[in-house]
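Chain residues, written in single-letter form:
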Amino acid sequence: MQGKTILLGVTGGIAVYKAAALASRLTQAGADVHVLMSVNATKFVTPLTFQALTRNRVYMDTFAEDNPSVISHIDLADRADLFLVVPATANVLGKMANGIADDMLLTTWLACTAPTMIAPAMNGHMLEQAVVQHNIATLTARGVQFIDSGVGQLACGYVGRGRLAEPEEIFNAVDHWFRRQTRFKGVKMLITAGGTREAIDPVRYIGNRSSGKMGHSLALVAARLGADVELVTTAEPPIHPRIKVTSVETALQMRDAVLERSEIADVIIMCAAIADYRAATVHEQKRKKEGDSWTIELVKNPDILSELGAAGLSAYLVGFAAETERLHEHALAKLQRKQCHMLIANDVSQADVGFSSDSNQVSVFTRNGLLFESSVTTKMQLAEQLLDLIADEKGMDA
Ligand code: C5P
């Protein structure tokens, strides 16, 4: 946490006093903490408390521009490594989920590209309200991480869920999050993405519906977590200084690119939808429209994942499987046949998940059987979950 800039948004609930303890703990751990308070929060604890604990000025008013050389909310937003909201009221959750920016805290948050963690605190009935749950789900789907509130005595007299997580628990979640940011530091990761195109003639090809989004999400998240990524893809790749891209079109090109890079890889994730067959002969010129039918002879492509599995590499080997029926049975059989360590299977017959979609839902298998079943979630979020599982299975430190 040393040297990290944390923006701590504090909103108006009785649990504000716990945010003071958290601000102190984060500052002592070496973080540069800047507190942004809602006006309601100042009714519980004065800004001076946070200023004294963090040794930084506290922000409340978007228009109090004390330093003419910068625009405060943009300057703060740009410097942040993490945006924390502790405690978060139902009100601020509603505003964040709907893009409302009517104070300094919310305006800065909207301008901030750093990840967000939120610890809600409110009456249990408020927390259970459908609209509050909907706002939490919306923010979660956009990548916000929640630190769940605990069960206990609430200020309103009720005993139930809604109590702010303890400062130490929030501190540990933040500490864990920062450690995770370098979890893949120096790890060499080879990832394939997209669907291959097998030429029939100079104009036509046999392809599939894979968009490359899942593989690209994995590459991007892995690079952000410190990995050195070799991405072999058929689609328009994401840009990141730690992603090295090799563009290919056919299964054979993908095989060459993968085999060339496989020996030095620590983790190989075969996310690409590689054509199982290619045209036996590729016409040099565009084939004319002749006759009522056209039979194309197909020959089998090499199965790259099986080759990697059989090669006995030191890399942790992850395969994907798109299935339309009997998912578990087919996935487990594939895991064994291809000798990979992990197989991530999705049912592509479901609407809204899988090919081309921004969302996905998968079941993850290892040699011990079913390890994890995800909910329907964004491919970016799923990439985070999958990389966590890979790190756990590979025994990397969190
Ligand atoms: O056998 P199936 O195509 O369902 O297996 C899918 C897994 O195998 C994916 O990880 C995919 O990248 C990989 N694969 C391969 N070479 C092929 C076909 C699939 O490496 N020719």
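Before going into details, it helps to say that this report is about the structure given with it.

What counts and what doesn't
Residues numbered from 1 in each chain as written. Predicted model: local features only at pLDDT ≥ 70, side-chain atom pairs only at ≥ 80, totals over all residues. Heavy atoms only, no water. Helix = DSSP H or I, 4+ residues; strand = E, 2+ residues; numbered from the N terminus. Buried < 20%, exposed > 50% of the residue type's maximum accessible area, 1.4 Å probe, protein only. Contact = heavy atoms within 4.5 Å. Areas by Shrake-Rupley, 256 points an atom, 1.4 Å probe, with all protein chains shown as cover. Lys, Arg positive; Asp, Glu negative; His and termini not counted. Charge placed at Lys NZ, Arg CZ, Asp CG, Glu CD. Near = heavy atom within 4 Å. Polar contact = N/O pair within 3.5 Å; in protein donor to acceptor, adjacent residues only side chain to side chain. 1 Å grid on protein atoms, 1.4 Å probe; cavity = no way out; pocket = protein on both sides within 12 Å on 5 of 7 lines; lining within 4 Å. Sits in = over half its atoms within 2 Å of the grid points. Phe/Tyr/Trp six-rings, centres within 6.5 Å; stacked < 30°, edge-to-face > 60°. Lys NZ or Arg CZ within 6 Å of the ring centre and 35° of its normal. Pairing = 2+ DSSP bridges. Axes fitted to C-alpha atoms, helices over the stretch in contact; angles between N-to-C directions. Points joined across faces, edges and corners; volume = space filled by probe spheres on them. Nonpolar A, V, L, I, M, F, W, Y, C, P; charged D, E, K, R; others polar.

This part covers the overall build of the protein. Along its length, the protein carries 13 helices and 21 strands. For the protein, the spread of C-alpha atoms along the three principal axes comes to 80 × 50 × 45 Å. The buried share of the protein, taken over its 398 residues, is 50%. Long-range contacts, defined as pairs at least 24 residues apart, comprise 66% of the intrachain contacts of the protein with a sequence gap of at least 6. Of the roughly 19,300 Å² of accessible surface on the protein, a fraction of 49% belongs to carbon and sulfur atoms. The positive charge centre, built from 38 side chains, and the negative charge centre, built from 44, are 1 Å apart in the protein.

The next subject is the site of the ligand. Near the ligand lie 13 residues; those nearest to it are Met270, Ala272, Leu305, Lys334 and Lys338. Contacts to the ligand include Pro302, whose backbone N or O atom sits 2.9 Å from a nitrogen atom. Residue Ile304 places a main-chain N or O atom 3.0 Å away from a nitrogen atom belonging to the ligand. Out of a free accessible area of 450 Å², the ligand has 89% covered by protein chains. Taking a 2 Å distance to the grid points as the criterion, the majority of the atoms of the ligand fall inside the second largest pocket.

Pro87 follows Val86 through a cis peptide bond whose omega is -15°. Checked against the element boundaries, Pro87 lands in strand E3 (residues 82-88). Although it is not a glycine, Arg326 sits at a positive phi angle of roughly 40°. Relative to the helices and strands, Arg326 is located in the loop between strand E16 (316-323) and helix H12 (327-338).

This structure, assessed with the given rule, holds one aromatic pair. When the ring of Trp177 is compared with that of Phe178, the centres are 5.0 Å apart and the planes differ by 75°; the resulting orientation is edge-to-face. Here Phe178 falls in the buried class, since its relative accessible area comes to 9%. Note that Arg25 overlies the ring of Phe171, its terminal NZ or CZ placed 3.9 Å from the centroid. Over the aromatic face of Trp294 sits the side chain of Arg287, whose NZ or CZ is 4.2 Å from the ring centroid.

The next thing to look at is the side chain of Asn56. As for its placement among the helices and strands, Asn56 is situated in the loop between helix H2 (47-54) and helix H3 (72-79). Within polar-contact distance, the side chain of Asn56 engages the side chain of Asp32 at 2.9 Å. Other than its neighbours up to four places away in sequence, Asn56 contacts Asp32, Val33, His34 and Gln51.

Inspection of the secondary structure puts Thr138 in helix H7 (residues 130-141). Sequence separation of Thr138 and Met96 is 42 residues, and the distance between their C-alpha atoms is 9.5 Å.

Attention now goes to the environment of Glu384. Summarising the element assignment, Glu384 is placed in helix H13 (residues 379-394). It is 8.1 Å that separates the C-alpha atoms of Glu384 and Ala222, two residues lying 162 residues apart in sequence. Contact partners of Glu384, with chain neighbours within four places excluded, come to Arg180 and Val221.

Its place among the elements puts Lys95 in helix H4 (residues 90-97). Taking C-alpha positions, Lys95 is 8.9 Å from Asn135, a pair spaced 40 residues apart along the chain. In contact with Lys95, not counting residues within four places along its chain, are Ile100, Asp102 and Leu106.

Judged by pairing direction, the sheet is parallel, and its five strands sit side by side in the order E2-E1-E3-E4-E5 without closing on themselves. Edge strands, defined here as strands with exactly one partner in the open sheet, are strand E2 (32-37) and strand E5 (145-146). Bridging between strand E1 (residues 5-10) and E2 involves six bridges; their strand directions are parallel. Of the residues in E2, the one forming a bridge with Leu8 is Val35. Strands E1 and E2 of the sheet are contacted by H2, whose axis makes an angle of about 175° with E2. On the sheet, helix H8 (residues 167-180) packs against E1, E3, strand E4 (116-120) and E5 and is oriented at approximately 165° with respect to E3.

A few words on the layout of surface pockets. Of the pockets and cavities examined, the largest pocket occupies roughly 1,200 Å³. As for the largest pocket, its lining consists of 37 residues, of which Pro115, Gly143, Trp177, Gln181 and Glu384 are closest to the centre. Elements with a minimum of two residues in the lining of the largest pocket: helix H5 (104-110), E4, H7, H8, helix H9 (213-224) and H13. Size it by volume and the second largest pocket reaches roughly 830 Å³. Elements with a contribution of two residues or more to the lining of the second largest pocket: H9, helix H11 (304-310), E16 and H12. Classifying every residue of the lining of the second largest pocket by side-chain character gives 15 nonpolar, twelve polar and eight charged.

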